Amino acid sequence: MNPARLARFHDCPRYFICPLCHAELNLAGTSLRCPNRHTFDIAKQGYVNLAPAAKQSQFYSKESFANRGRILNAGYYSHIASAVLAAVRTHCPANPRPAVLDAGCGEGFYARAVQQANPQADVLAFDISKDSVQQAAREDTSLAVRWFVGNLADLPLRDAAVDCILDVFSPVHYGEFGRVLRPGGIVVKVVPGARHDEQLRELASAHLRHTDYSNEQMVDQFARHFDVLDTRLVSQTFAMPPDDVRAFAHMTPLLFNVDIDALDLGQIHELTVEAQVLVGRNRADSTCAQQHGVAHVVAHEGEVEA
Ligand SMILES: [Zn+2]
């Protein structure tokens, strides 16, 4: 294997633990291995599968990742990426080598942006979907992001290992976030705004159970677990060519249960991409909560988003 693809895993005991026995993981040849000889190979694309038994969601096919890649690379989410970078820049605790975890990195758009803007940072990016991590690692020209497939409910990471967690359009597991964050560390959580995709939602209204969308409950949950430092609404409406409208309709979780061929997508000429960016600080007592087994899984309909 290309040594440049291995280099980022030399210091893996600093962050990673064995997903089976929770012992320290070390680089051994082209694998990560724990003292109990559980072994996880580094794939040729430069990621490690630390959740070999994980099942993939039926909705996240290679095709939907291709559509997402097309939409992200076309710049329709660049204003959201800028807001995420600004939040990290402003609120991430001062550290010459900050560790940033992207929890639910998808095809790696935000993790790559954070690594590029912060070359001194250790960016750890994981997703439960092997296909998405594979694509993310393949497109990572920095060869610096530590990509891995992992279980959100049982992260193969040390306690208090990271300064910052990005949770971009992804379900949240507050117990694990509190455990892996250092005291005073921050979470940057991005949820869809109320006007997100409104043109598509209106078009598909006959096929949807809820046509209006509120992120209020998610925002409340967040404030119960973290000291909220900042909330910001970022919104942009784009004129969109038909091919991009089609790609968008195929990638948005909003329409996962809708027959997209039955929609007259030709009626849509512009689309609003809107998100709320929340920044919260880890409370000092969150580790105690974790030790006492308090952990909440929160995944609302509509939370998993582009
Ligand atoms: Zn082990």
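Residues numbered from 1 in each chain as written. Predicted model: local features only at pLDDT ≥ 70, side-chain atom pairs only at ≥ 80, totals over all residues. Heavy atoms only, no water.

Enquirer: Help me out: how do you make sense of the coordination of the zinc ion in this one?
Expert: Tetrahedral coordination by four donors sets the ideal angle at the metal to 109.5 degrees; octahedral coordination by six donors sets it to 90 or 180 degrees. The protein atoms that coordinate the zinc ion are Cys-18 (SG), Cys-21 (SG), Cys-34 (SG) and His-38 (ND1), at distances of 2.1 to 2.3 Å. Here the zinc ion binds 4 donor atoms, and the angle range of 101 to 117 degrees at the metal identifies the geometry as tetrahedral. Of note, the zinc ion draws all its donor residues from one chain, in the sequence arrangement C-x2-C-x12-C-x3-H. One end of the pair, Cys-18, is in the loop between helix H1 (3-6) and strand S1 (26-28); the other, His-38, is in the loop between strand S2 (31-33) and strand S3 (39-41), with 20 residues separating them in the sequence. His-38 sits in the partly exposed class, given a relative accessible area of 25%. (Donors = N, O, S within 2.8 Å, 3.2 Å for Na, K, Ca; no water. Tetrahedral: all angles 85-135°; square planar, octahedral: opposite > 155°, others 65-115°. Helix = DSSP H or I, 4+ residues; strand = E, 2+ residues; numbered from the N terminus. Buried < 20%, exposed > 50% of the residue type's maximum accessible area, 1.4 Å probe, protein only.)

Enquirer: Quick question: what am I supposed to make of the UniProt feature "binding site: Zn(2+)" (unreviewed entry) in the protein here?
Expert: Annotation from UniProt places "binding site: Zn(2+)" (unreviewed entry) at Cys-18, Cys-21, Cys-34 and His-38. Spanning 21 residues, the annotated positions come together in the fold, the maximum distance between their C-alpha atoms being 8.4 Å. Counting through the fold element by element, Cys-21 comes out in the loop between H1 and S1. Excluding residues that lie within four positions of it along the chain, Cys-21 makes contacts with Cys-34, Asn-36 and His-38. Summarising the element assignment, Cys-34 is placed in the loop between S2 and S3. Since its relative accessible area comes to 4%, Cys-34 is described here as buried. Once residues lying within four places of it in the same chain are set aside, the contact partners of Cys-34 are Cys-18, Cys-21, Ala-23, Glu-24 and Leu-25. (UniProt positions renumbered as here; feature names shortened; annotations may be inferred. Contact = heavy atoms within 4.5 Å.)

Enquirer: Could you clarify how one ought to interpret the packing of helix H3 (residues 78-91) against helix H4 (residues 109-117) in this entry?
Expert: Helix-helix packing is described using two parameters, namely the angle between the two axes and the distance between the axes. Where H3 contacts H4, the axes come no closer than 10 Å and their chain directions differ by 50 degrees. What the angle tells us is that H3 and H4 run oblique. For the pair H3 and H4, the sense of crossing is right-handed. Here H3 contributes Ile-80, Ala-81, Val-84 and Leu-85 to the contact with H4, which in turn contributes Phe-109, Tyr-110, Ala-113, Val-114 and Ala-117. By residue class, the composition of the contact of H3 with H4 is 9 nonpolar, no polar and no charged. (Axes fitted to C-alpha atoms, helices over the stretch in contact; angles between N-to-C directions. Parallel < 35°, antiparallel > 145°, perpendicular 65-115°, else oblique. Left-handed = near helix turned anticlockwise from the far one by under 90°. Nonpolar A, V, L, I, M, F, W, Y, C, P; charged D, E, K, R; others polar.)

Enquirer: Which parts of the structure should I look at to understand the sheet that holds S3?
Expert: By way of backbone hydrogen bonds, the strands of a sheet pair with one another, either parallel or antiparallel. Strand order in the open sheet formed by 3 strands is S1-S2-S3, and the pairing between neighbours is antiparallel. The strands lining the two open edges of the sheet, one partner per strand, are S1 and S3. On average, each strand axis in the sheet is tilted by 35 degrees relative to the strand beside it, whichever way the strands run. (Pairing = 2+ DSSP bridges.)

Enquirer: I keep staring at the pattern of salt bridges and nothing clicks. Help me out?
Expert: Proximity of charged atoms lets side chains of opposite charge pair with each other. Enumeration over the complete set of coordinates arrives at 17 salt bridges. The partner of Glu-198 in a salt bridge is Arg-195, and the shortest N-O contact between them spans 3.1 Å. On the basis of relative accessibility, which here comes to 28%, the residue Glu-198 falls in the partly exposed class. A residue is classified by how much of its surface remains accessible, and Arg-195, at 38% relative accessible area, is partly exposed. Each of Asp-11, Arg-97, Asp-122 and Arg-146 takes part in one network of salt bridges that share partners. (Salt bridge = Lys/Arg side-chain N within 4 Å of Asp/Glu carboxyl O.)

Enquirer: Could you clarify how one ought to interpret the packing of aromatic side chains in this entry?
Expert: Two measures describe an aromatic ring pair: the distance that separates the ring centres and the angle between the ring planes. Within the structure shown, the criterion is met by 8 aromatic pairs. With centroids separated by 6.1 Å and ring planes inclined at 20 degrees, the aromatic side chains of Tyr-77 and Phe-248 adopt a geometry described as stacked. With Tyr-77 in the loop between helix H2 (62-73) and H3 and Phe-248 in helix H9 (residues 242-251), this residue pair connects regions lying 171 residues apart in the sequence. Note on accessibility: Tyr-77 and Phe-248 belong to one class, buried. Residues Phe-222 and Phe-226 carry aromatic rings whose centres are separated by 5.2 Å and whose planes lie at 40 degrees to one another, so their mutual orientation is tilted. Accessibility assignment for this pair places Phe-222 and Phe-226 in one class, buried. Chaining the aromatic ring pairs together yields one cluster made of Phe-16, Phe-126 and Phe-148. (Phe/Tyr/Trp six-rings, centres within 6.5 Å; stacked < 30°, edge-to-face > 60°.)

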